[in-house]
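Here is how the chains run, residue by residue.
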Amino acid sequence: MDLSQLVVDLMASIIAGAAGGLAVKAGFDAMSRGWLSVQASWFGPCVLVWSDLPANDESRLAARLRTKLGNVELVQLRSAAEFRRHPLNRRCVKCVILIVTDVTKIADDEHTRRDLESRLVAYVNNGGGLIGLHDAVYRRIGLDQLRQQFGCESTTYSPYSEPILYVRTRHAGRCPPFGQMTETFSLDDGELLKTSWVSDAVTIYETPDGTPLVVCRDLDSGRLVWLHSANRGENGVASSIRNPDRQLIELLKASIDWAGGERR
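Here is a short report on the structure shown in this document. (Residues numbered from 1 in each chain as written. Predicted model: local features only at pLDDT ≥ 70, side-chain atom pairs only at ≥ 80, totals over all residues. Heavy atoms only, no water.)

## A closer look at the overall build of the chain
For clarity, the threshold we go by: Comment: elements are numbered from the N terminus, with helices defined as DSSP H or I runs of at least four residues and strands as E runs of at least two. We call a residue buried when its accessible area falls under 20% of the maximum for its residue type, exposed when it is over 50%, and partly exposed in between, using a 1.4 Å probe and counting protein chains only. Any two residues having at least one pair of non-hydrogen atoms within 4.5 Å are treated as being in contact. In these tables, accessible area is a Shrake-Rupley quantity obtained with a 1.4 Å probe, and a residue counts as shielded only by the protein chains included in the view.
Helix and strand counts for the chain come out as eight helices and 13 strands. Out of the 264 residues belonging to the chain, those deemed buried represent 50%. In the chain, the proportion of contacts linking residues at least 24 apart, taken out of those at least 6 apart, comes to 75%. For the chain, the accessible area works out to roughly 12600 Å², and carbon and sulfur atoms hold 49% of it.

Below you can see the structure in the form of structure tokens.
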């Protein structure tokens with residue numbers, strides 16, 4: 001968005017002044033989105049993160065992840081409404097991360113939730129990258145269109161007291177950043193979520209008996225990654241994310257590099 005378009009957006013909102021303060025707010029929202037577009041052209045796109053983690057846990061995770069992102073800005077969003085401040089296009093947003101630990105709806109109001117879901121679906125369809133953790137693919141969070149984009153159905157879940165062994169599959173080379181990671185490692189995820197996937201989804205890590213733990217899907221337009229970690233159970237948030245495990249940070253970094261990377 002250029003500066004002239006900013007002025008047009010602002011004036012149009014104010015001229016619709018029958019709505020009073022709402023119109024002025026819409027104008028300033030337009031200015032904010034435009035300014036973020038200008039920032040992106042100068043400094044590059046950012047990574048947006050929404051989570052239902054407790055504030056301290058989210059801050060620790062964000063701090064650890066920022067050390068891996070170099071000059072890419074990580075923006076923590078506190079509510080669904082804050083998504084509207086950011087133009088959801090690849091020039092401004094490298095990728096979006098949704099961390100859902102406990103079947104939390106991204107917005108309680110259905111209209112707000114559907115509106116945001118439509119914007120995220122369009123973002124992916126126009127080349128954006130989306131990373132979902134744990135319950136992001138669970139039907140009860142009410143994001144059915146996004147779940148279809150991921151190509152996933154969650155089937156069963158059960159508490160898991162031991163660290164889960166992640167085993168890299170032979171398909172990891174199809175999503176290059178993951179192919180450079182350790183072949184096996186363990187994460188204390190607190191729960192084992194079993195899922196089924198469409199045929200073109202690629203399992204990158206799985207348990208020794210074949211339960212998917214990291215899955216990528218390339219839609220040719222946009223890219224999606226699902227990570228198993230980030231459960232919150234009776235004992236609170238699983239330790240792999242509460243005290244962010246080095247391997248989880250590496251998984252997030254690889255996910256950002258792949259989902260938000262350049263297309264061939």
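## A closer look at the nonpolar core
In plain terms, the rule: The definition of a nonpolar core used throughout is a set of buried Ala, Val, Leu, Ile, Met, Phe, Trp, Tyr and Cys residues joined through side-chain atoms within 4.5 Å.
Counting residues in hydrophobic clusters, the biggest one holds 75 residues, and the most contacted among them are F83, V96, F178 and L251. Residue contributions to this core peak at eight residues, all from helix α8 (residues 246-259). For F178, the contacting residues outside a window of four places in its chain are R168, I204, Y205, V214, C216, V225, L251, A254, S255 and W258.

## Side note on the environment of V93
Inspection of the secondary structure puts V93 in strand β3 (residues 93-100). When the C-alpha atoms of V93 and P45 are compared, they prove to be 4.8 Å apart, with 48 residues separating the residues in sequence.

## A short note on the layout of surface pockets
In plain terms, the rule: Here a cavity means grid points, on a 1 Å grid over the protein atoms only, where a 1.4 Å probe fits yet cannot get out; a pocket means an open set of points with protein on both sides within 12 Å along at least five of seven lines; lining residues are those with an atom within 4 Å of a point. Grid points are joined across faces, edges and corners, and a volume is the space filled by probe spheres set on the points. Amino acids are sorted into nonpolar (Ala, Val, Leu, Ile, Met, Phe, Trp, Tyr, Cys and Pro), charged (Asp, Glu, Lys and Arg) and polar (every other residue, Gly among them).
The calculated volume of the largest pocket comes to roughly 360 Å³. Around the largest pocket sit 16 residues that line it, and G190, N231, G233, E234 and N235 are the ones nearest its centre. Going through the elements one at a time, β5 (152-159), β13 (236-237) and α7 (239-242) are the ones with two or more residues in the lining of the largest pocket. For the lining of the largest pocket, a count of residues per class yields five nonpolar, seven polar and four charged.

## Remarks on the packing of aromatic side chains
Going by this rule: In this scheme Phe, Tyr and Trp rings, the latter by its six-membered ring, pair at centre separations within 6.5 Å, and the angle between planes marks the pair as stacked below 30 degrees, edge-to-face above 60, and tilted otherwise.
According to the stated counting rule, one finds four aromatic pairs in the structure shown. Cluster of aromatic residues (ring-pair linked, three or more members): Y166, F185 and Y205.

## Some points on helix α3 (residues 55-66)
Applied cut-off: By definition here, a helix of n residues has an expected span of 1.5 Å times n minus one. Picture the helix axis, draw a direction to every C-beta atom, and the arc is the one those directions span.
For α3, spanning twelve residues, the distance from its first C-alpha to its last is 16 Å, which sits close to the expected 16 Å at 1.5 Å a residue. Residues D57, E58, L61, A62 and L65 constitute the buried set of α3. All buried residues of α3 project into a common sector of 130° when viewed along the axis, lining one side. Relative to its buried face, α3 has exposed residues pointing more than 90 degrees away, namely A55 and N56. Summarising the contacts, the buried residues of α3 are in contact with β1 (46-51), β2 (74-77), β3, β13, α7 and α8.

## Topic: the sheet that holds β3
What counts here: Between any two strands, pairing holds if DSSP finds at least two bridges. Angular values range over 0 to 180 degrees, each being the angle between N-to-C directions of two axes fitted as lines to C-alpha atoms, with helices fitted over their stretch in contact.
Read from one edge to the other, the open sheet built from nine strands follows the order β2-β1-β3-β4-β11-β10-β9-β6-β7, with strand pairing classed as mixed. Only two strands of the sheet have a single neighbouring strand rather than two, namely β2 and β7 (184-187). When the angles between neighbouring strand axes are averaged without regard to direction, this sheet yields 20°. Here strand β6 (residues 164-168) runs beside strand β9 (residues 202-206); their pairing, made up of two bridges, is antiparallel. If you follow V167 over to β9, its bridge partner there is E206. Across the sheet, helix α4 (residues 110-125) is in contact with β3, β4 (129-134) and β11 (223-227); its angle to β3 comes to roughly 135°. Each of β1, β3, β4, β6, β7, β9, β10 (212-218) and β11 is contacted by α8, which is oriented at about 170° to β11, the strand it contacts most.

## Side note on empty space enclosed by the protein
Applying the stated criterion across every chain yields a total of one cavity of 30 Å³ or more. What the largest cavity holds in volume is close to 70 Å³. Lining the largest cavity we find V49, E58, L61, A62, L65, L74, Q76, I97, I99 and L252. Counting only elements with at least two residues in the lining of the largest cavity, the list comes to α3, β2 and β3. Sort the elements by how many residues they give to the lining of the largest cavity and α3 lands first, with four residues.

## Examining the packing of α3 against α8
A packed helix pair is summarised by two numbers, namely the angle formed by the two axes and the spacing between the axes. What counts here: For any pair of crossing helices, the crossing counts as left-handed if the nearer helix is rotated counterclockwise from the farther one by less than a right angle, and right-handed if it is rotated clockwise.
Axis separation between α3 and α8 bottoms out at 10 Å; the angle between their running directions is 65°. The way α3 lies across α8 gives a crossing that is right-handed. Listed contacts from α8 to L61, R64 and L65 of α3 are R246, I249, L252, K253 and I256.

## Re α8
To keep things clear, this is the line we draw: N or O atoms closer than or at 3.5 Å make up a polar contact, with two conditions inside protein: a donor-capable atom paired with an acceptor-capable one, and, for residues adjacent in sequence, both atoms drawn from side chains.
Taking 1.5 Å as the rise per residue, α8 with 14 residues should run 20 Å; its terminal C-alpha atoms sit 20 Å apart, in good agreement. Within α8, ten of the 14 residues are buried, leaving the element largely enclosed by the surrounding structure. Regarding α8, the residues found buried are Q247, L248, I249, L251, L252, A254, S255, I256, W258 and A259. Here α8 starts with a cap whose side-chain oxygen sits 2.8 Å from the backbone nitrogen of Q247, and that cap is D245.

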